[in-house]
Amino acid sequence: MSVGLWQTPEPTAQPKLVETLVIGAGLIGSYLALQSQADVVLDARHVAGGASGRNGGLLLTGIANSYQAACAEYGRDLAQTLWRTTIRNRELMIEWATKLGSPVRRCGSLIFAYSEQEHAELANAAALMHEDGFSTEWHAEDPTKRGFWGALHNPDDGAIQAALLTAALLRESGAQLYEASEVYALESTADGVLVRARTGNWLAQRVLVATNAWTGLLLPEFSQLVIPARGQLLATDPIEPILSQACYCDYGFTYFQQTPTGNLVLGGFRNRAVAEEQTFADCTTPLIQDLLDGFLQRHFPEAAAAPIERRWAGTMGFAPDHRPLVGRLRRDDRIAFAVGFSGHGLGLGLVAADELLAELAGTPAVLFSARRFSETAHLFS
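Residues numbered from 1 in each chain as written. Predicted model: local features only at pLDDT ≥ 70, side-chain atom pairs only at ≥ 80, totals over all residues. Heavy atoms only, no water.

The name an unreviewed UniProt entry assigns to the chain is Gamma-glutamylputrescine oxidoreductase, from the organism Herpetosiphon gulosus.

S.K.: Which residues make up the packing of aromatic side chains, and what values go with them?
M.R.: Across all of its chains, the model carries 18 aromatic pairs by this definition. The interplanar angle of 80° and the centroid separation of 6.3 Å between the aromatic rings of Y31 and W96 together place this pair among those described as edge-to-face. In this pair, Y31 sits in helix α1 (residues 27-36) while W96 sits in helix α3 (residues 76-100), placing the two residues 65 residues apart along the sequence. For the residue pair Y31 and W96, the accessibility class agrees, reading buried in each case. With a centroid separation of 5.9 Å and 40° between ring planes, the pair formed by Y114 and F295 is classed as tilted. (Phe/Tyr/Trp six-rings, centres within 6.5 Å; stacked < 30°, edge-to-face > 60°. Helix = DSSP H or I, 4+ residues; strand = E, 2+ residues; numbered from the N terminus. Buried < 20%, exposed > 50% of the residue type's maximum accessible area, 1.4 Å probe, protein only.)

S.K.: Describe the sheet that holds strand β3 (residues 58-59), listing the residues and the values that go with them.
M.R.: Overall, antiparallel pairing links the 3 strands, which are arranged β3-β8-β4 in an open sheet. The outermost strands of the open sheet, each flanked by one partner alone, are β3 and β4 (104-105). Bridging between β3 and strand β8 (residues 158-160) involves 2 bridges; their strand directions are antiparallel. By the bridge assignment for β8, L58 is matched with A159. (Pairing = 2+ DSSP bridges.)

S.K.: Tell me about the packing of α1 against α3, and please be specific about residues and values.
M.R.: Packing of α1 against α3 brings their axes to within 14 Å, and their N-to-C directions diverge by 70°. In terms of axis orientation, α1 runs roughly perpendicular to α3. Facing α1, whose interface residues are L27, Y31, L34 and Q35, α3 presents L92, M93 and W96. Residue composition of the contact of α1 with α3, by class: 6 nonpolar, 1 polar and no charged. (Axes fitted to C-alpha atoms, helices over the stretch in contact; angles between N-to-C directions. Parallel < 35°, antiparallel > 145°, perpendicular 65-115°, else oblique. Contact = heavy atoms within 4.5 Å. Nonpolar A, V, L, I, M, F, W, Y, C, P; charged D, E, K, R; others polar.)

S.K.: Now, about the state of the cysteines: what can you tell me, with residues and values included?
M.R.: Counted by the stated rule, this structure contains 0 disulfides. C247 provides the cysteine sulfur closest to C249, a residue in no disulfide bond, and the two sulfurs are 8.4 Å apart. Looking at C249, the relative accessible area reads 1%, which means it is buried. (Disulfide = S-S within 2.5 Å.)

S.K.: Tell me about the sheet that holds strand β7 (residues 150-154), residues and numbers included.
M.R.: On the basis of which strands lie adjacent, the open sheet formed by 8 strands has the order β6-β7-β5-β14-β15-β16-β13-β17 and mixed pairing. The open sheet has two free edges, formed respectively by β6 (137-139) and β17 (308-318), since each of these has just one partner strand. The mean angle between the axes of side-by-side strands here comes to 20°, regardless of whether they run parallel or antiparallel. As paired strands, strand β13 (residues 227-236) and strand β16 (residues 264-268) are joined by 3 bridges and run antiparallel to one another.

The following block contains the structure:
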């Protein structure tokens, strides 16, 4: 995205003065606005206009790969910490949704094995999770009898309407919202950070960046650290209840649920067109949508004949190790960020935002610190 010369105020316009300004009115930006008592929130589009309003709505334990894969990638101690962090985040999401009257349900989740190989991996993951004290149940056969190889059941997981929660958090914050107000430059001055946006300029003492996939377009430090990736979804018209849990399969690349109003929501298959889906565009494509249609026909034949109410896509921002990035810029530590949620903004977003706010209050971030990458650590304070 970019802003043309003719789309901005006259250069002589005086900036408005604020203490704390948030860029991005998604879930993380709205929560940061609330917890930081921000004065202003700017968004290039509208509230929850990005991935916060374009996701599958699942509140799951863990990250996309299985617990076994996470232990292999991160080491068992860090994997256990990440899994427990997602549980803490899930409970925080449910707590805020309940407090603000936003729809949420604790329906449990099923992580389906989509192949014989994934079946073996999930069985091992379930054993490791039991050893580490997680509440989960392994089904060696598909409990839904829909053609999967087996499933791992997490009874306390859930589903949420993230767009409504985002809007509720922003209202609760009391911050002044400016939509259609894309920020195209951040300039460091002696008096503050000059924030140049389509609807006017601001001089802020602190800027909190929550732009996820688009961060590299605003802050060059992230051009190689946060990579865009599109996720595509569809929703059928309401049908009779056939599915009660939030569901993942194919190593997290496919996800689905049935909403309380009866819509069967299905997303995924990004792994079948990796290069094409590494994009900022949020339009759908025939290739992925055909794969989603085929999945419905194979596993939910009673839904395959239902009209499709909506097809959509959302752009996520992926960090190199699939963990969020929080911290401050070394070149100007008045600019802080919480980005790179790697498809798990609902699973890790609030706790990552809390870790950023703790760092700003004097407790260094550890789990999600952007300083963890040695080759880019010099960019962050």
